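# Descriptive analysis of the structure
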Amino acid sequence: MNVLDMTGRTALVTGAGQGVGRQVALHIAAYGGAVVVNDYHLDRAEAVAAEISEQGGRALALRCDVTDLDDVTAMVAHGTEQLGPIDVLVNNAGNAGPADDPLAHTPPFWETDPKDWEPWIATNFYGVLNGCRAVLPDMVERGYGRIVSVISDAGRTGEPNLAVYGGAKAGAAGFSRGLAKSVGRHGITANCVALSTVNTPGVASAIADPEVARKALRGYVIRRFGEPADAANAVLFLASDAAAWVTGQTYPVNGGYAITP
Ligand SMILES: NC(=O)c1ccc[n+]([C@@H]2O[C@H](COP(=O)([O-])OP(=O)(O)OC[C@H]3O[C@@H](n4cnc5c(N)ncnc54)[C@H](O)[C@@H]3O)[C@@H](O)[C@H]2O)c1
């Protein structure tokens, strides 16, 4: 028996064209699940879907911007038609900031405008609400669902210059807790995974300088940055039937960056 078996399940992974989302899609496929690989860069999603197909799995690449509910609803309908009803939603699409090098150049909050906050809130908060809104009617009707949202320690313990991003991520975690209480009686769980620095294209520039990286690593009990597989292992667990009795939780996966009760 493999408690992580995903055979017969269909997952939708948002922002799965690279980094953590890509690895989550590969993990779910490796454990037998079919995967809708979403990204707003279609070429990235197609490359990941091709990788899964080459390994004998089932995948469909779909472009969609998770900040647009109509776009997400259409993607869910298309994915359902091609691969079957969505059993697992992984809200992974996220952005630490609007700039290319967000961690290095994010201005202090008191120098920002509301329009600067929008990209953080739209993807990291509304993206999660949109994904859930689109998949839940069918999950409720079928009496089964797993929802896993990827948040950040910036939203759990706070990070300087990432307050808006952290606020949006914390909002997603708070939303998940309330949602978990609404949907549990329909056989649906909702949990979050809170990451610290994971080595992905999204943060590559922020940890490229060896001196910056060396200083940052002092904060980690396990002295390395995470790899996408570290995150994907936890997401896979929460997406599987092994986690049937886990809901409304936020799991830190962070190399001991912040150890809290
Ligand atoms: N990497 C880290 O250190 C880290 C730390 C904490 C939390 N996280 C979170 O983990 C998740 C994955 O991070 P990553 O580092 O792999 O990111 P990444 O930037 O490497 O990749 C994210 C992917 O999501 C896609 N995307 C972004 N916004 C989208 C949207 N609105 N609609 C559809 N697709 C969209 C991008 O095109 C990209 O391919 C994010 O939610 C991020 O906030 C990452």
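A few points on the structure. (Residues numbered from 1 in each chain as written. Predicted model: local features only at pLDDT ≥ 70, side-chain atom pairs only at ≥ 80, totals over all residues. Heavy atoms only, no water.)

## A word on the site of the ligand
Surrounding the ligand, one finds 30 residues, the nearest of these being D39, N92, Y165, V198 and T200. Contacts to the ligand include D65, whose side-chain N or O atom sits 2.9 Å from a nitrogen atom. Protein chains bury 93% of the 830 Å² of accessible surface belonging to the ligand in isolation. Among the elements of the structure, α1 (19-30), β2 (34-39), β5 (145-152) and α7 (163-183) are those that each provide at least two residues to the shell around the ligand. Element by element, the count of residues in the shell around the ligand is highest for β5, at three residues. Residues that form the shell around the ligand fall into these classes: 12 nonpolar, 14 polar and four charged. (Near = heavy atom within 4 Å. Polar contact = N/O pair within 3.5 Å; in protein donor to acceptor, adjacent residues only side chain to side chain. Areas by Shrake-Rupley, 256 points an atom, 1.4 Å probe, with all protein chains shown as cover. Helix = DSSP H or I, 4+ residues; strand = E, 2+ residues; numbered from the N terminus. Nonpolar A, V, L, I, M, F, W, Y, C, P; charged D, E, K, R; others polar.)

## Description of the packing of helix α3 (residues 69-83) against helix α5 (residues 114-142)
Contact pair α3 / α5: the axes reach a minimum separation of 9 Å and the direction vectors enclose 40°. In terms of their interaxial angle, α3 and α5 are classed as oblique. Both α3 and α5 take part in a crossing whose hand is right-handed. For the pair formed by α3 and α5, the contact residues are L69, V72, T73 and V76 on the first element and N130, G131, R133, A134 and V135 on the second. (Axes fitted to C-alpha atoms, helices over the stretch in contact; angles between N-to-C directions. Parallel < 35°, antiparallel > 145°, perpendicular 65-115°, else oblique. Left-handed = near helix turned anticlockwise from the far one by under 90°. Contact = heavy atoms within 4.5 Å.)

## Some details on the nonpolar core
Counting 33 residues, the largest nonpolar core has I28 and V37 as its most contacted members. Where this core is concerned, the elements lending two or more residues are β1 (10-13), α1, β2, α2 (42-54), β4 (88-91), β5, β6 (188-195) and α9 (228-239). Of all the elements, α9 adds the most residues to this core, at seven residues. Contact partners of V37, with chain neighbours within four places excluded, come to V13, A16, A25, A45, V48, A49, I52, A59, L60, A61 and L62. In this structure, L62, C64, V76 and L179 belong to the second largest nonpolar core, which totals 31 residues. (Core = buried A, V, L, I, M, F, W, Y, C linked by side-chain atoms within 4.5 Å. Buried < 20%, exposed > 50% of the residue type's maximum accessible area, 1.4 Å probe, protein only.)

## Some remarks on the packing of aromatic side chains
Scanning the entire structure with this criterion turns up five aromatic pairs. Seen in terms of ring centroids, F125 and Y126 are 5.7 Å apart; in terms of plane orientation they differ by 65°. Their pairing is edge-to-face. Pairing Y220 with Y257 gives two aromatic rings, centres 4.9 Å apart and planes at 40°, and the pair type is tilted. Remark: Y257 occurs in the segment after β7 (250-253) and Y220 occurs in the loop between α8 (210-217) and α9; sequence separation between them is 37 residues. For Y257, a relative accessible area of 28% gives the class partly exposed. An aromatic cluster is defined as three or more aromatic residues linked by ring pairs; in this entry it consists of Y220, F225 and Y257. The positively charged end of R9 is found above the aromatic ring belonging to Y144, 3.9 Å away from the centroid. (Phe/Tyr/Trp six-rings, centres within 6.5 Å; stacked < 30°, edge-to-face > 60°. Lys NZ or Arg CZ within 6 Å of the ring centre and 35° of its normal.)

Shape is all these values report; function is a separate question.
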